[in-house]
Amino acid sequence: MTAHDLARLHAAAGMNLRVWSAEEYAALLADPKTIVTTTEAGFAIGSIIFEDAELLLIVVHPDHRRAGQGRQILAKFEAAAQARGARTVTLEVSDQNTAARQLYETNAYHKVGQRNNYYKTNDGTSEHALILKKTL
Ligand SMILES: CC(C)(COP(=O)(O)OP(=O)(O)OC[C@H]1O[C@@H](n2cnc3c(N)ncnc32)[C@H](O)[C@@H]1OP(=O)(O)O)[C@@H](O)C(=O)NCCC(=O)NCCS
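It should be emphasised that the depicted structure is a prediction, and the values quoted were computed from it without experimental measurement.

Draft legend 1. Local environment of the overall build of the chain. Each helix and strand in the chain was counted, giving four helices and six strands. Counting helices and strands in the order they occur from the N terminus, the chain gives α-α-β-β-β-α-β-α-β-β. For the chain, the C-alpha radius of gyration of 14 Å lies close to 14 Å, the compact-globule estimate for 136 residues. Judged by the C-alpha coordinates and their principal axes, the chain covers about 40 × 35 × 30 Å. Taking all 136 residues of the chain together, the buried fraction comes to 24%.

Draft legend 2. Looking closely at the sheet that holds strand 3 (residues 52–60). Across the sheet, six strands lie side by side as 1-2-3-4-6-5; this open sheet has mixed pairing. The open sheet has two edge strands with one neighbour each: strand 1 (34–39) and strand 5 (110–120). Taken pair by pair, the neighbouring strands of this sheet meet at an average axis angle of 25°, ignoring direction. Bridge count between strand 3 and strand 4 (residues 88–94): four bridges; the pairing is parallel. If you follow E54 over to strand 4, its bridge partner there is T90. Helix 1 (residues 3–12) rests against strand 2 (42–49) and strand 3 of the sheet, and its axis sits at about 115° to strand 2.

Draft legend 3. Structural detail: the site of the ligand. Taken together, 21 residues form the shell around the ligand, and within it R65, G70, A99, Q102 and L103 come nearest. Elements with a contribution of two residues or more to the shell around the ligand: strand 3, helix 3 (69–83) and helix 4 (98–105). Classifying every residue of the shell around the ligand gives eleven nonpolar, seven polar and three charged.

Draft legend 4. Geometry of the pairing of strand 4. Where burial is concerned, the two faces of strand 4 differ: the one with V89, L91 and V93 is buried and the one with T88, T90, E92 and S94 is not. Crossover handedness for the path strand 3 to helix 3 to strand 4: right-handed. Here seven bridges tie strand 4 to strand 6 (residues 126–135), and the two strands are oriented antiparallel to one another. Note that in strand 6 the partner of V93 across the bridge is L130.

Draft legend 5. Seen up close, unusual backbone geometry. We note that R66 has phi near 60°; this positive angle belongs to a residue other than glycine. Mapped onto the elements, R66 comes out in the loop between strand 3 and helix 3.

Draft legend 6. Region of the structure containing the pairing of strand 3. Inspection of the sheet shows strand 2 paired to strand 3 by eight bridges, in the antiparallel sense. Within strand 3, the position partnered with I49 by the bridge is D52. Counted along the chain from strand 2 to the antiparallel partner strand 3, the turn is two residues long, and its residue F50 has a positive phi close to 55°.

Conventions and cut-offs
Residues numbered from 1 in each chain as written. Predicted model: local features only at pLDDT ≥ 70, side-chain atom pairs only at ≥ 80, totals over all residues. Helix = DSSP H or I, 4+ residues; strand = E, 2+ residues; numbered from the N terminus. Rg over C-alpha atoms; globule rule 2.2 N^0.38 Å. Buried ≥ 20, exposed ≤ 12 C-beta atoms within 10 Å, placed from the backbone. Pairing = 2+ DSSP bridges. Axes fitted to C-alpha atoms, helices over the stretch in contact; angles between N-to-C directions. Contact = placed C-beta atoms within 7 Å. Near = placed C-beta within 6 Å. Nonpolar A, V, L, I, M, F, W, Y, C, P; charged D, E, K, R; others polar. Right-handed = clockwise from strand over helix to strand, strands pointing away.

Spelled out as structure tokens, the structure:
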């Protein structure tokens, strides 16, 4: 997927948070620390720093949800991170994001911290960020 494809899919995801532009995706793709894994309807993007991979975002197109794509993309991301030397994956997720929290919790991620009122939503409210980690 190109930077434009990633930005388009992100925009289609219907999230209540700022969408990253194609330019921001292009900068991420140009960074050797970046890991991207894709399926036909979604992607995960993250960054590897020594033995920890930070999962920045996972997105599945709304027309293809609840069909196992999220699990598949997450597994691909973890495998790619492990192949690059990561021993853990860390991520942040809104406490309001039931779907993503369920995806992570059923894939052995556990809470290691919380940032209160961390996310500023498009409608002007704020949501807490949960910090989750998994040992690979
Ligand atoms: C989170 C997201 C990636 C899940 O993708 P998906 O392809 O629908 O996920 P899967 O079909 O693989 O589902 C895996 C598990 O996640 C959980 N899950 C997924 N959607 C859910 C929902 N709407 N409600 C509750 N649990 C849900 C379930 O535990 C599910 O397993 P099950 O179907 O066996 O019950 C998708 O909802 C999405 O793109 N959301 C918008 C972007 C986002 O919020 N990303 C996370 C921020 S980092």
